[in-house]
Amino acid sequence: DEVVGTIAAMKLSIQKLCLEYDCSICAVECEPVVKDLYHLYPCVVGGLLVEEGIGFVCNGDLHGALAAGMLRAASVSPSPIFMARFQALNPEMENSVLLRSCGCAPVGIVKEGVTPVLSAGENNDGVPGRGLWRIRDGMLTMCRVDVLDGEYRIHRRTAAACCSGHVAGKGN
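Just so it is clear, the structure is predicted and the values come from calculations on it, not from any experiment. (Residues numbered from 1 in each chain as written. Predicted model: local features only at pLDDT ≥ 70, side-chain atom pairs only at ≥ 80, totals over all residues. Heavy atoms only, no water.)

Trainee: In this structure, what is going on with helix α1 (residues 2-20)? I would like to understand it.
Mentor: Given 3.6 residues to a turn, an α-helix orients residues that are three or four positions apart in the same direction. Compared with an ideal rise of 1.5 Å per residue, which puts 19 residues at 27 Å, α1 spans 27 Å between its outermost C-alpha atoms and is within 8% of the ideal. Every buried residue of α1 is accounted for by Ile7, Met10, Lys11, Ile14, Gln15 and Cys18. Down the axis of α1, the sector holding all buried residues measures 130°, keeping them to one side. For α1, the exposed residues set more than 90 degrees away from the buried face come down to Glu2, Leu12, Lys16, Leu19 and Glu20. If you follow the buried residues of α1, they end up packed against β1 (25-27), α2 (30-38), α3 (43-51), β2 (55-57) and β5 (117-118). Positive phi appears at aspartate 22, one or two residues downstream of α1, with a value of about 55°. (Helix = DSSP H or I, 4+ residues; strand = E, 2+ residues; numbered from the N terminus. Expected span 1.5 Å × (residues − 1). Buried < 20%, exposed > 50% of the residue type's maximum accessible area, 1.4 Å probe, protein only. Arc of directions from axis to C-beta. Contact = heavy atoms within 4.5 Å.)

Below you can see the structure in the form of structure tokens.
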């Protein structure tokens, strides 16, 4: 189908650019650039690239790319690195938050028994390309590089993924 063909072409193009310029992480401007040019969110493309060892962050998030690169360089774990954002406080569990990935979580971390789904756009604005699935339970390292009071800071926490369904959010 046309969406799958566009996803494949976009993945190969980004992969080629990363190899050509010796990049191990890329930041893609999902909205409005890719969405408007291709009528597609590159989320599943990102998940596929992460599965192949190329880090991928959404919305041109250079701080997210920096954090992903640092985690990759420091990691001894074979688990892929993916980008997620804080969605909201979890109303069902004290001292917890819901994290949301626009859909670029790699399928290699899908919870056992869950079938990954490629969104046809029904959950958002009619634009396809997001992956919908829940990640497996277990420990995660959350890391963010950002500017606070004019200085770069690294924020890192260890957390557990557990107890929730997937949250299909709309962009940022």
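Trainee: Just to check I follow, could you spell out the packing of aromatic side chains for this structure?
Mentor: By convention here, two paired aromatic rings are described through the distance between centres and the angle between planes. Under the defined criterion, the tally for this structure stands at 0 aromatic pairs. Between arginine 130 and the ring centre of tyrosine 41, over which it is positioned, the NZ or CZ distance is 3.6 Å. (Phe/Tyr/Trp six-rings, centres within 6.5 Å; stacked < 30°, edge-to-face > 60°. Lys NZ or Arg CZ within 6 Å of the ring centre and 35° of its normal.)

Trainee: What is the right way to read unusual backbone geometry from this model?
Mentor: Peptide bonds are, in most cases, trans, and in most cases residues other than glycine have a negative phi. Here the residue pair glutamate 31 and proline 32 is connected by a cis peptide bond, since its omega of 0° sits within 30 degrees of zero. Summarising the element assignment, proline 32 is placed in helix α2. Unusually for a residue other than glycine, aspartate 22 sits at a positive phi of about 55°. Residue classification places aspartate 22 among the exposed positions, given a relative accessible area of 73%.

Trainee: How do you make sense of helix α4 (residues 62-74) when you look at a structure like this?
Mentor: The terminal C-alpha atoms of α4 lie 18 Å apart, and with 13 residues this matches the ideal 18 Å at 1.5 Å per residue to within 8%. The complete set of buried residues in α4 reads Gly64, Ala65, Ala67 and Ala68. Angularly, the buried residues of α4 cover 165° about the axis, an arc narrow enough to put them on a single face. Counted as exposed and oriented over 90 degrees from the buried face of α4: Leu62, Ala73 and Ala74. One side-chain oxygen at the N-terminal end of α4 lies 3.2 Å from the backbone nitrogen of histidine 63; it belongs to aspartate 61. (Polar contact = N/O pair within 3.5 Å; in protein donor to acceptor, adjacent residues only side chain to side chain.)

Trainee: Would you mind going over the pattern of salt bridges with me for this structure?
Mentor: Opposite charge on two side chains allows them to pair when their charged atoms are near. Tallying each qualifying case throughout the model produces 8 salt bridges. Notably, a salt bridge pairs glutamate 31 with lysine 35, separated by 3.8 Å at the nearest N-O pair. Note that glutamate 31 and lysine 35 are positioned in helix α2 at a spacing of 4 residues, about one turn of the helix. When salt bridges with common partners are traced through the structure, they connect Glu31, Lys35 and Arg130 into a single cluster. (Salt bridge = Lys/Arg side-chain N within 4 Å of Asp/Glu carboxyl O.)

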